[in-house]
Amino acid sequence: EPEVTQTPSHQVTQMGQEVILRCVPISNHLYFYWYRQILGQKVEFLVSFYNNEISEKSEIFDDQFSVERPEGSNFTLKIRSTKLEDSAMYFCASSRRGDPEGAFFGQGTRLTVV
Amino acid sequence: AQTVTQSQPEMSVQEAETVTLSCTYDTSESDYYLFWYKQPPSRQMILVIRQEAYKQQNATENRFSVNFQKAAKSFSLKISDSQLGDAAMYFCASYTGANSKLTFGKGITLSVRP
């Protein structure tokens, strides 16, 4: 069964450093997403990406964040100058536009900012 | 804007019994989908079941079924013959093609007693 793959599974970084979270979506999917979940809280939408551009972003997704799909297969989330409150589980997801199957999620990357 | 409300933070069920998890939602869209996701201790998000809003028939997936009350904007998940592996956090979510993102509820922690 096809799956979304995320690397690394756990990333520890010092406050102020830049991190890049990587995702390989399901191959025939066209929409890509990043969500995050602060420990014990609900899953929050960050950004959606379609046709090589951002289609929607939340208020959380400020200038500190950026996304790209440089090689046509990996979908990355970059967080510049990380803050303590960026510590969370980050989920990548992909879906087919208009397909009612919903989004398929990766296993998540646990980001810890110290 | 979409909202999803899960008012019960925790529930417990005896193994082999049936449990129902509640969810209400609000949306101005006429075309939308509803989902239940399971998040076990590994924290991966797993799609359990989905419901298209235009379908009157309640979705069923093995031991999992939903009670979709469109007029009441209610979408509950019934788990029959509960198993120890069902213990997890369960999130209700809505999705529309208009903004192509999932909106999650706060989740409910389900424990299964042996």
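Owing to the predicted nature of the structure, the values given are computational and were not obtained by experimental measurement. (Residues numbered from 1 in each chain as written. Chains lettered and ligands numbered in written order. Predicted model: local features only at pLDDT ≥ 70, side-chain atom pairs only at ≥ 80, totals over all residues. Heavy atoms only, no water.)

**Q** Please clarify how the overall build of chain A should be interpreted in this entry.
**A** Scanning chain A for helices and strands turns up 0 helices and 11 strands. For chain A, the α and β elements follow one another from N to C terminus as β-β-β-β-β-β-β-β-β-β-β. In terms of overall dimensions, chain A is globule-like: its C-alpha atoms have a radius of gyration of 13 Å, near the 13 Å expected for 114 residues. The dimensions of chain A, computed from C-alpha atoms along their principal axes, are 40 × 25 × 25 Å. A burial count over chain A gives 46% of its 114 residues as buried. For chain A, long-range pairs separated by at least 24 residues make up 53% of all intrachain contacts whose partners lie at least 6 apart in sequence. (Helix = DSSP H or I, 4+ residues; strand = E, 2+ residues; numbered from the N terminus. Rg over C-alpha atoms; globule rule 2.2 N^0.38 Å. Buried < 20%, exposed > 50% of the residue type's maximum accessible area, 1.4 Å probe, protein only. Contact = heavy atoms within 4.5 Å.)

**Q** Please clarify how the pattern of salt bridges should be interpreted in this entry.
**A** Pairing between side chains becomes possible if they bear opposite charge and their charged atoms approach one another. Taken as a whole, this structure holds 5 salt bridges over all chains when the rule is applied. When the shortest N-O distance is used, the salt bridge between B:K101 and A:E56 registers 3.5 Å. One end of the pair, B:K101, is in the loop between strand 10 (88-96) and strand 11 (102-104); the other, A:E56, is in strand 6 (residues 53-57), on a second chain. Take A:E56: its relative accessible area is 22%, and that puts it in the partly exposed class. (Salt bridge = Lys/Arg side-chain N within 4 Å of Asp/Glu carboxyl O.)

**Q** I would appreciate a short explanation of the pairing of strand 6 (residues 46-52) of chain B in the present structure.
**A** Regular strands place side chains that alternate from one sheet face to the opposite one. All names here are of chain B. With 6 bridges connecting them, strand 5 (residues 32-39) and strand 6 associate as antiparallel partners. What sits directly across from F35, in strand 6, is R50. Hairpin remark: strand 5 followed by strand 6, antiparallel, with 6 residues in the connecting loop; positive phi at R43, about 75°. (Pairing = 2+ DSSP bridges.)

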